[in-house]
Amino acid sequence: MQINFNNISNDEKDSLKNQIRLGLIELEQKESRRRKKKRLLAFAAAASVALLAALFMNQNSSESAKPLTALEQFAQTSKSTESNLDLENISLVLQDQKTITVQDSTVISYEKNGEKVTVGQQAINTNPTSVSAFNTVRVPYGKKTQIVLTDGTTVWLNSGSSLIYPTQFYGSIREVYLTGEAAFDVAHNKAKPFFVKTKECNVRVLGTVFNVSSYPEDETVQTALLQGKVRITYNKKGILNNQELQEDLTPGMIATINKDQKQLKVERKDVASILSWREGYFTFKSQSLNSILSKLSKYYKIEFIKGAGLNLDANYSGSFALNENLNSLANTLSSITNNSCTVNANQRTITIK
């Protein structure tokens, strides 16, 4: 049947138009309800996936979480794991919270039984009260110190760093907690492995010489092995699960953990230069200017003001004596990089451009 629009009245035409308009409105409403229902289904599906992921993570975390040792529990509540930026003097904090001021580069040495510690020429009773008695050494920026632990292990603690350790190594392991940078010459004891623990990773050794750098403000944690063998354990925390990464290092190898990218990289480099700070020198080979300035800032407790056109990615090689004054430091830096350096001794700043 066909409609002859020429034979219908205007009222009939208006009625027909109105029916068509109402039909289109009804169709649009149905389509809108369909789209809304589809969005609700998608949202519900996404919420379900998120809930399942959260449940999986909680279950995975609870299954993979290892109980904290007494040392780690102590470190979690200790101020020594924070920045030492405002610290003025090297401090030895005993388990009774008595604090001993230590001169720069002074050796702190413990007797084998842990009951006495010698700071320079001063002998101090430690009076350990329990197997979980810990001492802490905190070093401000611009200074360093050396510690001989009760097992004979020697630790060189660098600028802006802290070390927590027991007054005596009881049990089947030896462990210390590091914030910042330290070099270790570990006394050999095959039956009692030595662990260096940081916020990011654990380093397990039997007897060796190595360097660990784990400053809170740095983007990376680095372990460099000079002698012996160490095992790096890094707990990589993911969205859905946690993954434990392990790498064994042999002499001449460096392990670097990138905190942001959550990656563990192992490569061969010149390790001897990395440990040169123990002898009072900062030696570097093919390092970026940005990395060099960052380390000099820690060693000398100074701030670098960087010019706008400075190429911070350029690599340089050279050496600094860590007891240089600021003018000597600026002159050496200028000769190595061919950049001009201006010293403000009062504000302890060097402008480089």
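Located above this text is the structure these notes cover.
Residues numbered from 1 in each chain as written. Predicted model: local features only at pLDDT ≥ 70, side-chain atom pairs only at ≥ 80, totals over all residues. Heavy atoms only, no water.

Visitor: For this particular structure, what's the right way to read the overall build of the protein?
Guide: In terms of helices and strands, the protein carries five helices and 23 strands. Out of the 353 residues in the protein, the part that is buried amounts to 41%. Pairs at least 24 apart in sequence give 52% of the contacts found in the protein among residues at least 6 apart. Surface exposure of the protein reaches about 20,000 Å², of which carbon and sulfur atoms provide 49%. (Helix = DSSP H or I, 4+ residues; strand = E, 2+ residues; numbered from the N terminus. Buried < 20%, exposed > 50% of the residue type's maximum accessible area, 1.4 Å probe, protein only. Contact = heavy atoms within 4.5 Å. Areas by Shrake-Rupley, 256 points an atom, 1.4 Å probe, with all protein chains shown as cover.)

Visitor: Quick question: what am I supposed to make of the packing of aromatic side chains here?
Guide: Two measures describe an aromatic ring pair: the distance that separates the ring centres and the angle between the ring planes. Under the criterion given, the structure shown has 10 aromatic pairs. Consider the rings of Tyr-110 and Tyr-165, whose centres lie 5.4 Å apart with planes at 80 degrees: the pair is edge-to-face. Of this pair, Tyr-110 sits in strand E3 (residues 107–110) while Tyr-165 sits in strand E9 (residues 162–166); the two residues are 55 residues apart in sequence, bridging distant segments of the chain. Take Tyr-110 and Tyr-165: they sit in the same class, and that class is buried. Three or more aromatic residues joined by ring pairs make a cluster, and in this case those are Phe-169, Phe-184, Phe-194 and Phe-210. Between the NZ or CZ atom of Arg-278 and the centre of the ring of Trp-156, over which it lies, the distance is 4.8 Å. Seen from the ring of Tyr-215, Lys-298 lies directly overhead, with NZ or CZ sitting 4.7 Å from the centre. (Phe/Tyr/Trp six-rings, centres within 6.5 Å; stacked < 30°, edge-to-face > 60°. Lys NZ or Arg CZ within 6 Å of the ring centre and 35° of its normal.)

Visitor: Looking at this structure, I do not really get the environment of Asp-248. What am I missing?
Guide: Relative to the helices and strands, Asp-248 is located in strand E16 (residues 242–249). Within polar-contact distance, the side chain of Asp-248 engages the side chain of Arg-231 at 2.7 Å. (Polar contact = N/O pair within 3.5 Å; in protein donor to acceptor, adjacent residues only side chain to side chain.)

Visitor: What should I look at first to understand the side chain of Thr-337 in this one?
Guide: Turning to its location among the elements, Thr-337 is positioned in helix H5 (residues 326–337). Polar side-chain contacts of Thr-337 include one of 2.8 Å to the backbone oxygen of Leu-333. Polar side-chain contacts of Thr-337 include one of 3.2 Å to the side chain of Asn-339. Setting aside its immediate chain neighbours within four residues, Thr-337 contacts Leu-289, Tyr-316 and Ile-352.

Visitor: Help me understand the packing of helix H4 (residues 289–300) against H5, please; the structure alone is not making it clear to me.
Guide: Two numbers describe a pair of packed helices, the interaxial angle and the distance between the axes. As a packed pair, H4 and H5 sit with axes 13 Å apart at the nearest point and diverge in direction by 170 degrees. Considered as vectors, H4 and H5 are oriented roughly antiparallel to each other. Residues Leu-289, Leu-293, Leu-296 and Tyr-300 of H4 form the contact with H5, whose participating residues are Leu-329, Leu-333 and Thr-337. A per-class count over the contact of H4 with H5 returns six nonpolar, one polar and no charged. (Axes fitted to C-alpha atoms, helices over the stretch in contact; angles between N-to-C directions. Parallel < 35°, antiparallel > 145°, perpendicular 65-115°, else oblique. Nonpolar A, V, L, I, M, F, W, Y, C, P; charged D, E, K, R; others polar.)

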